[in-house]
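Coordinate inspection notes
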Amino acid sequence: MTRLPHAGPLTDPWLQRFRPRDDATLRLVCFPHAGGSASFYHPLSAALPEQVEVVAVQYPGRQERRHEQPLDTIADLADEAFRALRHWADRPLALFGHSMGAVIAFEVARRLEQHLDVSPAMLYASGRRAPSRIRHTTVHLRSDDGIITELRRLSGTDTTLLADPEVVRMIMPAVRGDYTAIERYRAQGDASVRCPITVLTGRDDPQTTADEAAAWRGHTTADTTVTTFPGGHFFIMSHQDAVLAELRSSLTRLIC
């Protein structure tokens, strides 16, 4: 097994540590959705057991990294996130990703297993169909107005912000880059992990059918659990209390 480095000060721009817990039993690493940022997971850091430390990934091109060039491939996003996280694998990790973030979390889990022989305690794949289930979509080729229409449809971004031309101008490079990355992503045919997968899905999510969510079972050699919530693509916001209760229960089992 590869010897793991001890975690040092968290100064990497790829990672944000909202509530540092040096004595944490487990770290939950969170990956944002397309157009999302690390701050999306700030409320989560206060809602989980004290033994769990939340570390959120911050992709370039947004918030304090808004002047950086966004990355537009899942491979590049996963490579950079893995590079930052390898120094924080000195204790058990669980990975949580929503939508595009679920795919990046999956690819980071693969890198952890392949390069460090570290298997996450759990991969939480939220609001995303299995990597093997391909839909040919081209949102990234639309005009700015067309992309804004898609963001409104999925109800994941404050509509008042989307009505502000200055905000749209600021976020559009990152949003377009994210859509380019996820829409062009194709998993290797045998892509899988050794860790268990918990799939969280919305009953009315236009992006993921029940069958597409269940297909995550083909991407792990361990167990897969699928939990369905009411709501659409952003059920994790509209039914936040239920999602948090499920996460607390699952993480408590991991740390006991």
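Residues numbered from 1 in each chain as written. Predicted model: local features only at pLDDT ≥ 70, side-chain atom pairs only at ≥ 80, totals over all residues. Heavy atoms only, no water.

On to the overall build of the chain, then. Helix and strand counts for the chain come out as nine helices and seven strands. Taken against the 2.2 N^0.38 rule, which gives 18 Å for 256 residues, the C-alpha radius of gyration of the chain at 17 Å falls within 12% of a compact globule. Taken along its principal axes, the extent of the C-alpha atoms in the chain is 50 × 40 × 35 Å. Counting every position in the chain, which comprises 256 residues, the buried fraction comes to 53%. For the chain, restricting intrachain contacts to residue pairs at least 6 apart in sequence, the fraction spanning at least 24 positions comes to 82%. Approximately 11400 Å² of the chain is accessible, and the part contributed by carbon and sulfur atoms is 50%. (Helix = DSSP H or I, 4+ residues; strand = E, 2+ residues; numbered from the N terminus. Rg over C-alpha atoms; globule rule 2.2 N^0.38 Å. Buried < 20%, exposed > 50% of the residue type's maximum accessible area, 1.4 Å probe, protein only. Contact = heavy atoms within 4.5 Å. Areas by Shrake-Rupley, 256 points an atom, 1.4 Å probe, with all protein chains shown as cover.)

Read across the sheet, seven strands follow the order β1-β3-β2-β4-β5-β6-β7 without closing on themselves; strand pairing throughout is mixed. Looking along the sheet, the strands with just one partner apiece sit at the ends: β1 (15-17) and β7 (224-229). Taken pair by pair, the neighbouring strands of this sheet meet at an average axis angle of 20°, ignoring direction. As judged from the five bridges shared by strand β4 (residues 93-98) and strand β5 (residues 122-126), these two strands associate in the parallel manner. By the bridge assignment, Ala 94 is partnered in β5 with Met 122. Those strands touched by helix α3 (residues 100-116) are β2 (26-31), β4 and β5, and its axis lies near 150° from that of β4. Against the sheet, helix α9 (residues 240-255) engages β2, β3 (52-57), β4, β5, β6 (197-202) and β7, with an angle of about 165° to β5. (Pairing = 2+ DSSP bridges. Axes fitted to C-alpha atoms, helices over the stretch in contact; angles between N-to-C directions.)

Moving on, we come to the packing of aromatic side chains. For the coordinates displayed, the defined rule picks out five aromatic pairs. Ring centres of Phe 40 and Tyr 41 lie 5.2 Å apart, and the angle between their planes is 90°; this geometry places the pair in the edge-to-face category. Residue Phe 40 is classed as partly exposed on the basis of its relative accessible area, which comes to 25%. The class of Tyr 41 is buried, set by a relative accessible area of 3%. Both rings, one in Phe 96 and one in Tyr 124, keep their centres 6.1 Å apart while their planes meet at 35°; by these two values the pair is tilted. Within this pair, whereas Phe 96 is found in strand β4, its partner Tyr 124 is found in strand β5, the two being separated by 28 residues in sequence. (Phe/Tyr/Trp six-rings, centres within 6.5 Å; stacked < 30°, edge-to-face > 60°.)

Phe 31, Ile 74, Leu 95, Ile 104, Val 108 and Trp 216 are the most contacted members of the largest nonpolar core, which totals 55 residues. In terms of residue count, α3 provides more of this core than any other element does, 10 residues in total. Core analysis: the next-biggest nonpolar cluster, separate from the first, contains 25 residues, Leu 44, Ala 56, Phe 235 and Leu 251 among them. (Core = buried A, V, L, I, M, F, W, Y, C linked by side-chain atoms within 4.5 Å.)

This part takes up the pairing of β2. Here β2 lies mainly inside the structure; six of its six residues are buried. With burial as the criterion, each face of β2 is covered, one bearing Leu 26, Leu 28 and Cys 30 and the other bearing Arg 27, Val 29 and Phe 31. Examined bridge by bridge, β2 and β3 share five bridges and lie parallel to one another. Across the sheet, the residue bridging to Arg 27 is Glu 53, located in β3.

What follows covers the environment of Leu 154. Inspection of the secondary structure puts Leu 154 in helix α4 (residues 144-154). Looking at Leu 154, the relative accessible area reads 9%, which means it is buried. Each C-alpha atom of the pair Leu 154 and Cys 256 lies 36 Å from the other, and the pair is 102 residues apart in sequence. Apart from residues lying up to four places away in sequence, Leu 154 is in contact with Tyr 179, Pro 206, Gln 207, His 233 and Phe 234.

For the chain, the mean per-residue pLDDT works out to 91, and 95% of the residues sit at or above 70. Taken together, the stretch residues 1-9 has pLDDT below 50 and engages in 19 contacts with residues farther than four places along the chain or on a different chain. (pLDDT = per-residue confidence, 0-100.)

On to the environment of Gly 189, then. Take Gly 189: it is sitting in the loop between α6 (165-184) and β6. Take Gly 189: its relative accessible area is 82%, and that puts it in the exposed class. Note: C-alpha distance between Gly 189 and Leu 244 (55 residues apart in sequence) is 33 Å.

Let us now look at α9. The end-to-end C-alpha distance of α9 is 22 Å, a good match for the 22 Å that 16 residues give at a rise of 1.5 Å each. For α9, every residue scored as buried is listed here: Val 243, Leu 244, Leu 247, Ser 250, Leu 251 and Ile 255. In a view along the axis of α9, the buried residues occupy a sector of 135°, so they form one face of it. In α9, the exposed positions that point more than 90 degrees away from the buried face belong to Asp 241 and Arg 253. (Expected span 1.5 Å × (residues − 1). Arc of directions from axis to C-beta.)

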